[in-house]
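Tertiary structure, described
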Amino acid sequence: MYDYDSDFKIPEESRKGMDLQKIEQAVRMILEGIGEDPDREGLKDTPQRVTRMYAEVFAGLHRDITQDIKVFTEKGNDEMILIGDIPFYSMCEHHLLPFHGKAHVVYIPKDGKILGLSKVARIVDTLSKKPQLQERLTSEIADKIIEAVDANSCCVVIEAEHLCMTMRGIKKPGSRTVTSAMRGGCRTDARTRNEALALINRPRN
């Protein structure tokens, strides 16, 4: 068995929270189950490779997301903020196939409390790194923004392509799923909601 404890590329939270040896054994069993020879040249290291990949792409399961949050206070800042086109990659929990796309986050600060811009992207990244549903991911991001800065309003829109629709099943490459989550004024006030959506849907160069 591979010594994952000595692999510096394995995220610390995955090393503590995952049974990496069990993943390696399971991948070997899958290869045997589909009729492959896990000991042949091209596959003999595949269980280790997949295990290291899972340690990375599911690291959000065991990461304390509060580590990703840094709040600043900017007095008088109560205008709408957009962090758009945040790329993300996640794994659909139904088939363990990837879905990927872009997240757009709009919020209106309260009492001048704002998030560092990179921290919003980090929240998206961490919440993506676990078996997910796009609908849940969208809501979790919005809830975490509201929780972090007690924002007056928040709107999150995610556009994604799901490989479970494009490489299997209905096989419709290029199809896109769009989900949204509205909180605070973005849910209750049509003008605020429309302004947020207009920012998200702004023309790109």
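1. Brief notes about the overall build of the protein chain
Within the protein chain one finds 8 helices and 7 strands. Principal-axis analysis of the C-alpha atoms gives the protein chain an extent of 65 × 40 × 30 Å. Relative to its full complement of 205 residues, the protein chain shows a buried share of 41%. Between the averaged position of the 31 positive side-chain charges in the protein chain and that of its 32 negative side-chain charges there is a distance of 4 Å.

2. A look at the nonpolar core
In this structure, Phe88, Tyr107, Leu115, Ile141, Ile145 and Ile158 are the most contacted members of the largest nonpolar core, which totals 30 residues. Residue assignment for this core shows that the elements contributing at least two residues are β2 (81-92), β3 (98-108), β4 (113-115), α4 (117-128), α5 (134-149) and β6 (153-162). Here this core gets 6 residues from one element, more than from any other, and that element is α5. Not counting the four nearest positions on each side in its chain, Ile141 is found in contact with Val105, Val124, Leu127, Val156 and Ile158. Counting 11 residues, the second-largest nonpolar core is a separate cluster that includes Met18, Tyr54, Ala55 and Met91.

3. Brief notes about the packing of aromatic side chains
Throughout the structure, instances matching the rule amount to 3 aromatic pairs. Seen in terms of ring centroids, Tyr2 and Tyr4 are 4.8 Å apart; in terms of plane orientation they differ by 65°. Their pairing is edge-to-face. Between Arg52 and the ring centre of Tyr2, over which it is positioned, the NZ or CZ distance is 5.2 Å.

4. Comments concerning the packing of α4 against α5
At a minimum axis separation of 10 Å, α4 and α5 run at an interaxial angle of 140°. By the angle class used here, α4 and α5 are oblique. The crossing of α4 and α5 is right-handed. Residue-level contacts link Val120, Ile123, Val124, Leu127 and Ser128 of α4 to Leu137, Glu140, Ile141, Lys144 and Ile145 of α5. Its residues assigned to classes, the contact of α4 with α5 comprises 7 nonpolar, 1 polar and 2 charged.

5. Here's the deal with helix α2 (residues 20-33)
Between its first and last C-alpha atoms α2 spans 20 Å; for 14 residues at 1.5 Å apiece the expected length is 20 Å, and the two agree. Contact partners of the buried residues in α2: α1 (12-17) and α3 (46-57). Of the residues trailing α2, Gly35 is marked for its positive phi of about 95°.

6. Looking at the confidence of the model for the protein chain
Within the protein chain, residue pLDDT values average 94, and 100% of them lie at 70 or more. Mean pLDDT across the secondary structure elements of the protein chain bottoms out at strand β1 (residues 71-73), with 90, and peaks at strand β5 (residues 131-132), with 98.

7. A look at the sheet that holds strand β7 (residues 177-184)
Read across the open sheet, the 5 strands follow the order β5-β2-β3-β6-β7; overall the sheet is mixed. The sheet is open, and its two edges are formed by β5 and β7, each paired on a single side. With 10 bridges joining them, β3 and β6 adopt antiparallel strand pairing. In the strand pairing of β6, Phe99 is matched with His162.

8. What to know about the pairing of β2
In this structure, β2 lies alongside β3, joined through 9 bridges in antiparallel fashion. Each residue of the ladder has a partner; that of Ser90, found in β3, is Phe99. Hairpin connection from β2 to β3: 5 residues lie between these consecutive antiparallel strands, with Leu96 at a positive phi of about 55°. One ladder, built from 2 bridges, connects β2 with β5; its direction is parallel. Directly across from Cys92, in β5, lies its bridge partner Gln132.

Calculation notes
By convention here, each chain's residues receive numbers from 1 onward along its written sequence. Confidence filtering applies because this is a predicted model: local features only for residues at pLDDT of at least 70, side-chain atom pairs given and counted only at 80 or more, and all residues used for totals across whole chains, interfaces and linings. Think of the side-chain values as coming from all heavy atoms in the structure, minus any hydrogens and water. Strands here mean DSSP runs of E at least two residues long; helices mean DSSP runs of H or I at least four residues long; both are numbered from the N terminus. Relative accessibility decides the category of a residue: with a 1.4 Å probe and only protein chains considered, values under 20% of the type maximum give buried, values over 50% give exposed, and everything between is partly exposed. We score Asp and Glu as negative and Lys and Arg as positive, and we do not count His or the chain ends. Think of each charge as sitting on NZ of Lys, CZ of Arg, CG of Asp or CD of Glu. The nonpolar core is taken to be a set of buried Ala, Val, Leu, Ile, Met, Phe, Trp, Tyr and Cys residues, with the residues joined through side-chain atoms within 4.5 Å. Any two residues whose heavy atoms approach within 4.5 Å at even a single point are treated as in contact. Aromatic rings from Phe, Tyr and Trp, with only the six-membered ring used for Trp, were paired whenever their centres fell within 6.5 Å, and each pair was classed as stacked if the ring planes differed by under 30 degrees, edge-to-face if by over 60, and tilted otherwise. Geometrically, a lysine NZ or arginine CZ counts as sitting over a ring once it is within 6 Å of the ring centre and also within 35 degrees of the ring normal. Every axis in this analysis is a line fitted to C-alpha atoms, fitted for helices over the stretch in contact. Angles between the N-to-C directions lie between 0 and 180 degrees. The scheme is simple: roughly parallel for angles under 35 degrees, roughly antiparallel for over 145, roughly perpendicular for 65 to 115, oblique for anything else. By definition, any crossing whose near helix is turned counterclockwise from its far helix by less than a right angle is left-handed, and any crossing with a clockwise turn is right-handed. Amino acid classes used here: Ala, Val, Leu, Ile, Met, Phe, Trp, Tyr, Cys and Pro are nonpolar; Asp, Glu, Lys and Arg are charged; the rest, including Gly, are polar. Multiply 1.5 Å by the residue count of a helix minus one, and that product is the helix's expected span. pLDDT measures how confident the predictor is about each residue, on a scale from 0 to 100. Any two strands between which DSSP finds at least two bridges are classified as paired.

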